[in-house]
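If you want the building blocks of each chain, they are given just below.
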Amino acid sequence: MADVLHDLMGNVGTGPKSAGDMGYDEARHATQAILEGEPPETTLGAFLLANRWKTNTSEELAAFTDEITSRAERVEPDVDPIDCGANYDGKTETALLGVAAGVTAAAVGTPVVAHSGDRVPMSMGCAYRHVLDELGVRTEITPKESAELLDETGFGFYYRPSFSPEVAALHDRRHEMGVRTFINTVETLVNPAGADVHLGSFYHLAFAKRVCDTFTESRLQDPDRVVMFQGLEGYDEIRPEYTKVAEWNQGEFDDYEIETADYGMDFDRDALTVGDVPRDSARVTEEVLAGERDDEFADAVALNAAFRVYARGDTETVDEALNDVREVLRDGKAAEVLGSVREVSQT
């Protein structure tokens, strides 16, 4: 196994135009070698960079994902949540509103699960874990505790070093690369709660299509529905103004555009910019859920919560979901769920 990556470099490492693709078994064996720490640092770096140059096929991405998934500790809750697979390297400029949106959707009755690591390369930004920490939620929990939190409150968080420690152990090697690699893509697809619906983000529509094809090629992941959009800072949050959305329903792919103005909202990216992303995001989360804000942050939380409700199929339209979301923000139910998440996580 020690020479797997070295042997593959003759195929995948010949340059962006001439590189060949790996078969499923080859890509999976390569991932096995990486996770078991076998390749020398130089060989690992060359392999990761070669795959960035050549662009991975959906079959390769499926194999990478499947090997990581097979080695992860996945604990499924009793509820069937929507899986929020945001980019693990996080946000650096705008408020992270995914926690607020997820908790609000849970208050409506849509179970939501999020997962992240800790300052993941390359952005090394604020992820779900950091906002939850600021809110007093215990995040360094086992997958079993994550599932119990989800069942008891409707909102759950899985901590990557707990459910996939082998990928977490690659942190330094990834940071030394200086660029994003295929690991940044596949780590968001592991789905530690075994959800039937995946919510994600993309920069280009072709990437969204490739992710959906990855689920088709996967032998371990079989979601019924995938909803992705051009997220703010690459995260699982709707952009202000214009956003491209992609939907995949049991093999059928479609895409369309939405505008925040269509939902009576008028704000831009600058309005969501904050100074200290973890701390300010937590403050905004508490204020919005407590009904203390009626501004661009409240609108952004409401719309993103509505998309989670809609994506799981709990309403027919985003507009219908938005009405339900506004109600739980007004009557305090969203704030109650956040309190429960905080309390249950600490027991």
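Rules used throughout
Residues numbered from 1 in each chain as written. Predicted model: local features only at pLDDT ≥ 70, side-chain atom pairs only at ≥ 80, totals over all residues. Heavy atoms only, no water. Helix = DSSP H or I, 4+ residues; strand = E, 2+ residues; numbered from the N terminus. Buried < 20%, exposed > 50% of the residue type's maximum accessible area, 1.4 Å probe, protein only. Contact = heavy atoms within 4.5 Å. Core = buried A, V, L, I, M, F, W, Y, C linked by side-chain atoms within 4.5 Å. Salt bridge = Lys/Arg side-chain N within 4 Å of Asp/Glu carboxyl O. Expected span 1.5 Å × (residues − 1). Axes fitted to C-alpha atoms, helices over the stretch in contact; angles between N-to-C directions. Parallel < 35°, antiparallel > 145°, perpendicular 65-115°, else oblique. Left-handed = near helix turned anticlockwise from the far one by under 90°. Pairing = 2+ DSSP bridges. Nonpolar A, V, L, I, M, F, W, Y, C, P; charged D, E, K, R; others polar.

Summing up its helical and strand segments, the protein has 16 helices and seven strands in all. Seen through its C-alpha atoms, the protein measures out along the principal axes to roughly 60 × 45 × 35 Å. Residues counted as buried form 57% of the 347 residues belonging to the protein. Long-range contacts, defined here as pairs at least 24 residues apart, represent 76% of the contacts in the protein between residues at least 6 apart.

With that settled, consider the nonpolar core. Core analysis: the biggest nonpolar cluster contains 69 residues, and V99, Y128, V288, L289, F297 and F307 have the highest contact counts within it. Among the elements that make up this core, the one with the highest residue count is helix α14 (residues 296–311) (12 residues). Excluding residues within four positions of it along the chain, F297 makes contact with A95, L97, A271, L272, V274, V284 and V288. Formed by 35 residues, the second largest nonpolar core is a distinct cluster that contains A30, F47, L61 and F182.

Next up on the list: the pattern of salt bridges. One pass over the structure, following the stated rule, counts 30 salt bridges. E247 is the salt-bridge partner of R225, the closest N and O atoms lying 3.5 Å from each other. With a gap of 22 residues between them, R225 in strand β5 (residues 225–229) and E247 in strand β6 (residues 242–249) connect regions that are remote in the sequence. With respect to burial, R225 and E247 carry one shared label: buried.

For N87, the location among the structural elements is in the loop between β1 (82–84) and α5 (98–108). For N87, a relative accessible area of 12% translates into the label buried. Setting aside residues up to four positions removed in sequence, N87 forms contacts with R180, T188, S201, Y203, G234 and Y235.

So, on to unusual backbone geometry. Looking along the chain, the bond that leaves P121 and enters M122 is cis, with omega of 15 degrees. Mapped onto the fold, M122 is located in the loop between β2 (112–116) and α6 (128–134). Of note in this structure, T55 is not a glycine but carries a positive phi near 70 degrees. With respect to the helices and strands, the residue T55 is situated in the loop between α3 (41–54) and α4 (58–71).

Let us now look at helix α16 (residues 333–345). Note that an α-helix has 3.6 residues per turn; residues three or four places apart therefore point the same way. With 13 residues, α16 should cover 18 Å at 1.5 Å per step; its first-to-last C-alpha distance of 18 Å lies within 8% of that length. On its buried side, α16 packs onto α5, α7 (143–153), β3 (155–159), α13 (277–289) and α15 (318–331).

Looking now at the environment of E41. For E41, the location among the structural elements is in helix α3. Since its relative accessible area comes to 51%, E41 is described here as exposed. Between the alpha carbons of E41 and R173 there is a distance of 7.5 Å; along the sequence they are 132 residues apart. The contacts of E41, once residues within four sequence positions are left out, are R173 and E176.

Take the packing of α5 against α14 next. Interhelical geometry of α5 versus α14 gives an angle of 55 degrees and a closest axis separation of 8 Å. Between α5 and α14, the angle falls in the class oblique. Where α5 crosses over α14, the handedness of that crossing is right-handed. Facing α5, whose interface residues are G98, A100, A101, G102, T104, A105 and V108, α14 presents V301, N304, A305, R308 and V309.

So, about the sheet that holds strand β7 (residues 252–259). Pairing within the open sheet is mixed, and its seven strands lie in the order β3-β2-β1-β4-β5-β6-β7. Two strands in the sheet have a free side with no partner beyond their single neighbour: β3 and β7. Between one strand axis and the next, the sheet turns by 20 degrees as a mean value, whatever way the strands run. Taken together, the five bridges between strand β4 (residues 197–201) and β5 define a ladder with parallel strand orientation. Each residue of the ladder has a partner; that of L199, found in β5, is V227. α7 rests against β2 and β3 of the sheet, and its axis sits at about 170 degrees to β3.

So, on to the pairing of β7. With eight bridges connecting them, β6 and β7 associate as antiparallel partners. Pairing of A246 across the sheet is with D255, part of β7. From the end of β6 to the start of β7, which pair antiparallel, there are two residues, and Q250 there has a positive phi angle of about 50 degrees.

Another point: the packing of α7 against α16. Closest axis-to-axis distance for the α7/α16 pair is 10 Å, and the angle between their directions is 145 degrees. Crossing geometry of α7 relative to α16 is assigned as right-handed. Of α16, the residues touching α7 (which contributes L149, E152 and T153) are V337, S340, V341, V344 and S345. In terms of residue class, the contact of α7 with α16 is made up of four nonpolar, three polar and one charged.

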